[in-house]
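If you want the building blocks of each chain, they are given just below.
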Amino acid sequence: GAVVSQHPSWVICKSGTSVKIECRSLDFQATTMFWYRQFPKQSLMLMATSNEGSKATYEQGVEKDKFLINHASLTLSTLTVTSAHPEDSSFYICSASGAGVAYEQYFGPGTRLTVT
Amino acid sequence: GENVEQHPSTLSVQEGDSAVIKCTYSDSASNYFPWYKQELGKRPQLIIDIRSNVGEKKDQRIAVTLNKTAKHFSLHITETQPEDSAVYFCAASYAISSGSARQLTFGSGTQLTVLP
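No experiment lies behind these values; they were computed from the predicted model shown.

Things to note about the overall build of chain A
The secondary structure content of chain A amounts to 0 helices and 11 strands. Order of helices (α) and strands (β) in chain A, N terminus to C terminus: β-β-β-β-β-β-β-β-β-β-β. A globule of 116 residues ought to have a C-alpha radius of gyration of about 13 Å, and chain A, at 13 Å, matches this closely. Projected onto its principal axes, the C-alpha positions of chain A cover 40 × 25 × 25 Å. In chain A, which comprises 116 residues, the proportion classed as buried is 48%. Counting only contacts in chain A whose residues sit at least 6 apart along the sequence, the fraction spanning at least 24 positions is 55%. When the accessible surface of chain A is summed, it comes to about 5600 Å², and 52% of that surface belongs to carbon and sulfur atoms. On chain A, the mean spot of the 9 positive side-chain charges and the mean spot of the 9 negative ones are 7 Å from each other.

Written out as structure tokens, the structure reads:
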């Protein structure tokens with residue numbers, strides 16, 4: 001089956017610093033990648049959708065200057081949380097789908113971000 | 001945009017009993033409905049899905065039914081086991097545009113507890 005990895009699996013950073021999270025599709029070409037945020041005991045909320053080589057499309061209420069998304073290749077997307085604050089602490093999960101009219105999204109294992 | 005409502009938020013059943021989780025969606029353009037199981041701190045795991053051209057799908061102890069007219073779909077788990085305990089999410093999916101990848105909208109989740 002399709003495999004998506006994320007790195008790091010967890011990270012602790014100080015308030016005001018930036019953190020980069022990587023999402024990789026290991027055995028397929030991901031034309032589209034999605035970034036979700038999940039707070040404790042809540043559902044997955046879509047933050048943005050990115051297509052390889054294009055600018056990401058952000059959901060309403062998500063600050064594009066704070067959450068920088070880059071999808072430079074068919075196997076790698078990155079999410080950078082800039083000037084992180086404690087309220088950005090969350091579980092960040094990426095997913096990827098392949099070329100064409102793909103139904104299924106393949107999820108990464110998630111990254112636990114804690115901002116102190 | 002799509003809105004998915006999920007009920008109940010918590011469900012406790014005795015081992016061996018059945019569990020039913022229900023979801024409704026708002027956008028008639030949605031035509032793919034996956035169900036995910038998520039254990040604490042892990043990625044969502046696809047357990048079953050259904051497309052809008054099918055009314056019911058079954059995979060061993062798990063089944064999903066879809067009523068397009070009423071815009072609701074349900075997950076049925078029979079002969080529940082303690083290892084079925086987890087959070088279950090329904091989702092509805094539609095193509096962002098023709099030929100593009102599909103965006104998922106998640107329900108709020110159901111914490112299923114199977115009591116031994």
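What about the interface of chain B and chain A?
If you look at the interface, chain B gives 20 residues, while chain A gives 23 residues. For the pair chain B and chain A, the interface holds 0 salt bridges. At the junction of chain B with chain A, the criterion picks out 5 residue pairs in polar contact (both at pLDDT 80 or more). The set of elements that each furnish at least two residues to the side of chain B that touches chain A consists of strand S4 (32–38), strand S5 (45–51) and strand S10 (102–106) of chain B. In terms of residue count, the dominant contributor to the side of chain B that touches chain A is S10 of chain B (4 residues). Taken together, the residues of the side of chain B that touches chain A break down into 9 nonpolar, 7 polar and 4 charged.

What to know about the side chain of Gln-103 of chain B
One can find Gln-103 of chain B in strand S10. In this structure the side chain of Gln-103 of chain B is engaged in a polar contact, spanning 3.1 Å, whose partner is the side chain of Glu-59 of chain A.

What about the layout of surface pockets?
Of the voids in this model, the largest pocket is the one considered here, and its volume is about 490 Å³. For the largest pocket, the lining is made up of 20 residues, of which Lys-41 and Gln-42 of chain A together with Leu-40, Val-87 and Gln-111 of chain B are closest to its centre. At the level of secondary structure, the elements contributing two or more residues to the lining of the largest pocket comprise strand S9 (86–95) and strand S11 (110–115) of chain B. Ranked by residues supplied to the lining of the largest pocket, first place goes to S9 of chain B with 3 residues. In this model, the second largest pocket occupies a volume close to 290 Å³. At the level of elements, strand S5 (45–51) of chain A together with S10 of chain B are the ones that each hand at least two residues to the lining of the second largest pocket. No other element matches the 4 residues that S10 of chain B contributes to the lining of the second largest pocket. Considering only residue class, the lining of the second largest pocket consists of 7 nonpolar, 5 polar and 2 charged.

Considerations on the pattern of salt bridges
Residues and elements named next belong to chain B. Summed over all chains, the structure comprises 5 salt bridges over all chains. Among the salt bridges present, the one from Lys-37 reaches Glu-39, with a minimum N-O distance of 4.0 Å. Residue class for Lys-37 comes out buried when judged on its relative accessible area of 13%. Note that Asp-49 is salt-bridged to Lys-57, the shortest N-O span being 2.8 Å. Take Asp-49: its relative accessible area is 16%, and that puts it in the buried class. Here Lys-57 falls in the partly exposed class, since its relative accessible area comes to 36%.

Notes on the pairing of S11 of chain B
The two faces of the sheet receive side chains in turn, since in a regular strand these alternate between them. Residues and elements named next belong to chain B. Only one face of S11 is covered, namely the one carrying Thr-110, Leu-112 and Val-114; the face carrying Gln-111, Thr-113 and Leu-115 has none of its residues buried. In this structure, strand S2 (residues 10–14) lies alongside S11, joined through 5 bridges in parallel fashion. By the bridge assignment for S11, Gln-14 is matched with Leu-115.

The rules behind these values
Residues numbered from 1 in each chain as written. Chains lettered and ligands numbered in written order. Predicted model: local features only at pLDDT ≥ 70, side-chain atom pairs only at ≥ 80, totals over all residues. Heavy atoms only, no water. Helix = DSSP H or I, 4+ residues; strand = E, 2+ residues; numbered from the N terminus. Rg over C-alpha atoms; globule rule 2.2 N^0.38 Å. Buried < 20%, exposed > 50% of the residue type's maximum accessible area, 1.4 Å probe, protein only. Contact = heavy atoms within 4.5 Å. Areas by Shrake-Rupley, 256 points an atom, 1.4 Å probe, with all protein chains shown as cover. Lys, Arg positive; Asp, Glu negative; His and termini not counted. Charge placed at Lys NZ, Arg CZ, Asp CG, Glu CD. Salt bridge = Lys/Arg side-chain N within 4 Å of Asp/Glu carboxyl O. Polar contact = N/O pair within 3.5 Å; in protein donor to acceptor, adjacent residues only side chain to side chain. Nonpolar A, V, L, I, M, F, W, Y, C, P; charged D, E, K, R; others polar. 1 Å grid on protein atoms, 1.4 Å probe; cavity = no way out; pocket = protein on both sides within 12 Å on 5 of 7 lines; lining within 4 Å. Points joined across faces, edges and corners; volume = space filled by probe spheres on them. Pairing = 2+ DSSP bridges.

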